[in-house]
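Survey of secondary and tertiary structure
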Amino acid sequence: MPRHLLSIADLDRDGIERILARAASFAEASGREIKKLPTLRGRRVLNLFYENSTRTRSSFEIAAKTLSADVTNFAASGSSVEKGESLKDTVQTLSAYDPAAIVIRHPHAGAAAMVARWTPAAVVNAGDGKHEHPTQALLDVYTLTRRLGALDGKRIWIVGDIEHSRVARSDILAFTKMGAHVTVCGPPTLIPRGIEALGCDVRFTLDELREADVVYALRMQRERMRDSYVPSLREYVANYQIDGRRLGPRQVLMHPGPVNRGVELSGDVVDSPQAVITAQVEAGVVVRMAVLYELLAGARANAPEPATPGPVLA
Amino acid sequence: MAAPRLVRAPAPDATLVVRRAHVLDPNAGIDAPHDVVVRDGEIAEITPPGDAAVPAGAEVVDGEGRHLFPGFVDPHVHLRTPGQEHKEDIETGTRAAAAGGYCMVVAMPNTDPVLDNAPLLNAVREEAQRDARIPVGFMPAITRGLQGAELTEMQELREAGAIGFTDDGRPVVSAGILRRAMRYQKLCGGVIALHEEDPTLSAGGVMHEGEVSARLGLAGYPSVGESTMVARDAALALDERARTHFQHLSAWQSVEALAAARAAGAPVSGAASPHHLLLTDEAVLTLDTRMKMNPPLRTERDRQAVIAGLRDGTIECIATDHAPHATFEKDAPFEEAPMGTTGLETAFAAVYTGLVRPGVLTLEVLVERLTAGARLMDLPVPTIAPGAPANLCLVDLEATWLVGESGYESRSENCCFAGRELNGRVLLTVAAGAVAYRERSFALSEVRP
């Protein structure tokens, strides 16, 4: 396990499976109700969020607290960030609190990797720009393997705004590493040129959606209409909405949330038995527990703590 | 009577003899070992190796095993004065240039405030007369405030010493305004240099649009965002017969557009930057902000096209687009970091190491392309010939060095070649007759009383 979780690109299949196994052990040990574990007692986890994200932040917070860590949330608004402090200065200031881990969400690609260079803490990328969202991909793989078993040979379609989606990028990498075959589908204006380099196929229509074992719908934001990526919501819905007519009975439906009912998904499929959207949210907690455990408790088990603290600028 | 186009701080005229260096000057047609005698800042004599008589008081420089080139000329640098002296100023910028073997540089106007009026031009020229290590020329803006809307007082600026005009850093989006500038050029002269970018196509792009941007989730700036503007403005240049120079060409389509325009008879020229000759967007994969520049690093196909254009003369010169930024500014996420790389101290060595040593480009072509910027800016081309002002650089082609290891002469450190081992070290630069740079380990040589 690397010292940080910055991107799925840094992990191999073994690394992913190790995190998933750890997550499964947390889920199984505690049954339906996850009990609090003492693993990270006395250690600090800082959530540093430069974008609003109630879901991801609370999921990380619950995961860390379940492991008995002391959690502090820093939001970009109302903080030193608004006073013009640079990311580097903020991170070095927060590092003075000696956190075991910094969980960072930032609107720009590579921010988490930069933070990792500036702090001795373990860094978890909770989303960097449109680049990656590795814990989302891990919880998606976890959810799917729970539902389908191994992903080898499974066909997964990711539908919607690929261009602006860090979830799509991390999922393409994670699903293909687990042996699945990924197809991305959406309006040509929202599929970045060169995305095939990540190892996926590209489709512009849902005509062949029936081949998919898994349909993963992405959130469609209204500002894409304003910027003429698609001419109208109506036309997008007509071409790309996953509804009861398009979704097959044996297909699994996923979505990273929050869902725009009536846009990327029709109301009925959200509540259908094919949908695992709530299971994804549940998986989020155990997978993030597993990530924190592997980075913090795992590392401590393998390497003894140094007698004196290392330099702040590692 | 217009002001001289180049200015620098007073410096003593050099008197020196470079012994037994391999003199390579494509403009003068020299490519053999010689002694070169510089007396009172002028090239006095070129003799067979070992034959030169040493004038009284002359320094004797051992050129054995080294190469002597005409000083290089960079038609595109950012000296950041006025207003951004925390990045660079005229003193540090021209010192960096001298360390790279340059004897003339032309500074861009995207300063704060923008260099768009004669009083400001007079002020920066005064500063250069105090601080510039080598002769420097200034290229004021085409449009006031680089806003693309109203022309600057081009005639007054020319009389005050403007080399030419550019809105560098930004395109002249309006074809109508550019056409006006081209027509007005008939009155005032001065090349019009263009940063070509269609902002509706580059649209917030922070790197080349392609596989790497798709992977990283970064907004891409496609090649056609540059080339369509090259084609448009080449058509205007042809129609108006306006001397037009295309800066830092980065896309294969742009090279084709330039070649087509030239074939049609348009009075256009182009420049390539070392980073576009040597790096591709693959270098951005690590999100190293030193790899963020505008135009962006593009694909191997683009790189090869720019190299081919430089080799066959479609692209006449190398320009560094030396763009210093403070470390704290570059220490930001890639999308937030400012665009630009420094280049003056590494241009020769980087292109020599990357293209000449592997046999892609001849040394002769490299030296020619590093000096041709003078001709394109209507400046005297540095030449190693008796009677010419001494503009020289002595280079040890075998010396290797690690970029950044011993710091930079520039105030800034944002060099895209940092950490690379390069061949070719500039030992001595003479600019407009004065010694402008001496490499630290290259001690003052024997001086005859």
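None of the values given here were measured: they were computed from a predicted structure. (Residues numbered from 1 in each chain as written. Chains lettered and ligands numbered in written order. Predicted model: local features only at pLDDT ≥ 70, side-chain atom pairs only at ≥ 80, totals over all residues.)

Secondary structure summary: chain B contains 14 helices and 18 strands in total. Seen through its C-alpha atoms, chain B measures out along the principal axes to roughly 65 × 50 × 45 Å. The buried share among the 449 residues of chain B stands at 62%. For chain B, long-range pairs separated by at least 24 residues make up 77% of all intrachain contacts whose partners lie at least 6 apart in sequence. (Helix = DSSP H or I, 4+ residues; strand = E, 2+ residues; numbered from the N terminus. Buried ≥ 20, exposed ≤ 12 C-beta atoms within 10 Å, placed from the backbone. Contact = placed C-beta atoms within 7 Å.)

Turning next to the overall build of chain A. Per the secondary structure count, chain A includes ten helices and nine strands. Here the C-alpha atoms of chain A give a radius of gyration of 20 Å, agreeing with the 20 Å that 2.2 N^0.38 yields for 314 residues. Along the three orthogonal principal directions, the C-alpha set of chain A runs to about 60 × 45 × 35 Å. In chain A, which comprises 314 residues, the share counted as buried stands at 48%. (Rg over C-alpha atoms; globule rule 2.2 N^0.38 Å.)

Looking now at the packing of helix H12 (residues 347-356) of chain B against helix H13 (residues 363-371) of chain B. For any two helices packed against each other, the geometry is given by the interaxial angle and the distance between the axes. Residues and elements named next belong to chain B. At a minimum axis distance of 11 Å, the contact between H12 and H13 shows a crossing angle of 150°. One finds that H12 runs roughly antiparallel with respect to H13. Crossing of H12 against H13: the hand is right-handed. Of H13, the residues touching H12 (which contributes Phe 348, Val 351, Tyr 352 and Val 356) are Leu 363, Leu 366 and Leu 370. Residue composition of the contact of H12 with H13, grouped by class: seven nonpolar, no polar and no charged. (Axes fitted to C-alpha atoms, helices over the stretch in contact; angles between N-to-C directions. Parallel < 35°, antiparallel > 145°, perpendicular 65-115°, else oblique. Left-handed = near helix turned anticlockwise from the far one by under 90°. Nonpolar A, V, L, I, M, F, W, Y, C, P; charged D, E, K, R; others polar.)

On to the domain arrangement of chain B. Residue and element names in this part refer to chain B. Partitioning chain B into domains gives domain 1 (9-70 + 382-395 + 424-449) and domain 2 (72-376). On the side of domain 2, 24 residues touch domain 1, which itself brings 19 residues to the contact. Elements with a minimum of two residues in the side of domain 1 that touches domain 2: strand S5 (67-70), strand S16 (392-402), strand S17 (421-431) and strand S18 (434-438). Here the side of domain 1 that touches domain 2 takes five residues from S17, the largest share from any one element. (Domains from an automatic or database assignment.)

Before going further, it helps to spend a moment on the interface of chain B and chain A. Listed per partner, the contact involves 17 residues of chain B and 21 residues of chain A. Here the side of chain B that touches chain A gets five residues from one element, more than from any other, and that element is helix H6 (residues 211-216) of chain B. A breakdown of the residues in the side of chain B that touches chain A according to their chemical character gives eight nonpolar, three polar and six charged.

Okay, the confidence of the model for chain B next. Per-residue confidence for chain B averages 96 on the pLDDT scale, and 98% of its residues sit at or above 70. Taken over the whole predicted complex, pTM reads 0.93, whereas the ipTM for its chain interfaces reads 0.89. (pLDDT = per-residue confidence, 0-100.)

Residues and elements named next belong to chain A. Where helix H5 (residues 134-148) meets helix H6 (residues 166-177), the axes come as close as 8 Å, and the angle between the chain directions of the two elements is 50°. As the angle between them shows, H5 and H6 are arranged oblique. For the pair H5 and H6, the sense of crossing is right-handed. Each of Pro 134, Gln 136, Ala 137, Leu 138, Asp 140 and Val 141 in H5 lies in contact with H6, whose residues at this interface are Val 167, Ser 170, Asp 171, Leu 173, Ala 174 and Phe 175. When the residues that make up the contact of H5 with H6 are grouped by side-chain class, the tally is eight nonpolar, two polar and two charged.

Residue and element names in this part refer to chain B. Relative to the 18 Å expected for 13 residues at 1.5 Å per residue, helix H10 (residues 300-312) spans 18 Å between its end C-alpha atoms, a close match to the ideal helical length. Among the residues of H10, those classed as buried are Asp 302, Arg 303, Ala 305, Val 306, Ile 307, Gly 309 and Leu 310. In this structure, the buried residues of H10 make contact with helix H8 (252-263), strand S14 (268-272), helix H9 (274-278), H12 and H13. A positive phi of about 90° marks Gly 313, the residue just after H10. (Expected span 1.5 Å × (residues − 1).)

Let us now look at the confidence of the model for chain A. Taken residue by residue, chain A gives an average pLDDT of 91. The fraction at 70 or more is 91%. Segment residues 300-314 of chain A: pLDDT under 50, and six contacts once partners within four positions in sequence are set aside and those in other chains are kept.

Here the focus is the domain arrangement of chain A. Interfaces are often described in size by the accessible area the parts lose on coming together. All names here are of chain A. Each assigned domain of chain A is listed with its residue range as follows: domain 1 (8-133 + 284-302) and domain 2 (134-280). A straight line from the C-alpha centre of domain 1 to that of domain 2 covers 25 Å. At the interface, 22 residues of domain 1 touch 21 residues of domain 2. Broken down by class, the residue content of the side of domain 1 that touches domain 2 amounts to ten nonpolar, six polar and six charged.

With that settled, consider the sheet that holds strand S1 (residues 44-49) of chain A. All names here are of chain A. Pairing in this open sheet of four strands is parallel, and the strands run S2-S1-S3-S4 from one edge to the other. In this open sheet, the two edge strands, each paired with only one partner strand, are strand S2 (70-75) and strand S4 (122-128). On average, each strand axis in the sheet is tilted by 15° relative to the strand beside it, whichever way the strands run. Sheet analysis places S1 next to S2, joined by six bridges and oriented parallel. Looking across to S2, one finds that Val 45 is bridged to Val 71. (Pairing = 2+ DSSP bridges.)

Moving on: the sheet that holds S14 of chain B. Either a parallel or an antiparallel arrangement is found when strands of a sheet pair, and the pairing is made through backbone hydrogen bonds. Residue and element names in this part refer to chain B. If you walk across this open sheet you meet the five strands as S9-S10-S13-S14-S15, and the pairing is parallel. Each edge of the open sheet is held by one strand with a lone partner, namely strand S9 (164-166) and strand S15 (317-318). Two elements, S14 and S15, share two bridges in a ladder whose sense is parallel. The residue bridging Ala 271 from the neighbouring strand is Cys 317, located in S15. Most of the contacts of helix H7 (residues 224-240) go to strand S13 (residues 244-246), to which it runs at about 165°, and overall it touches strand S10 (191-194), S13 and S14.

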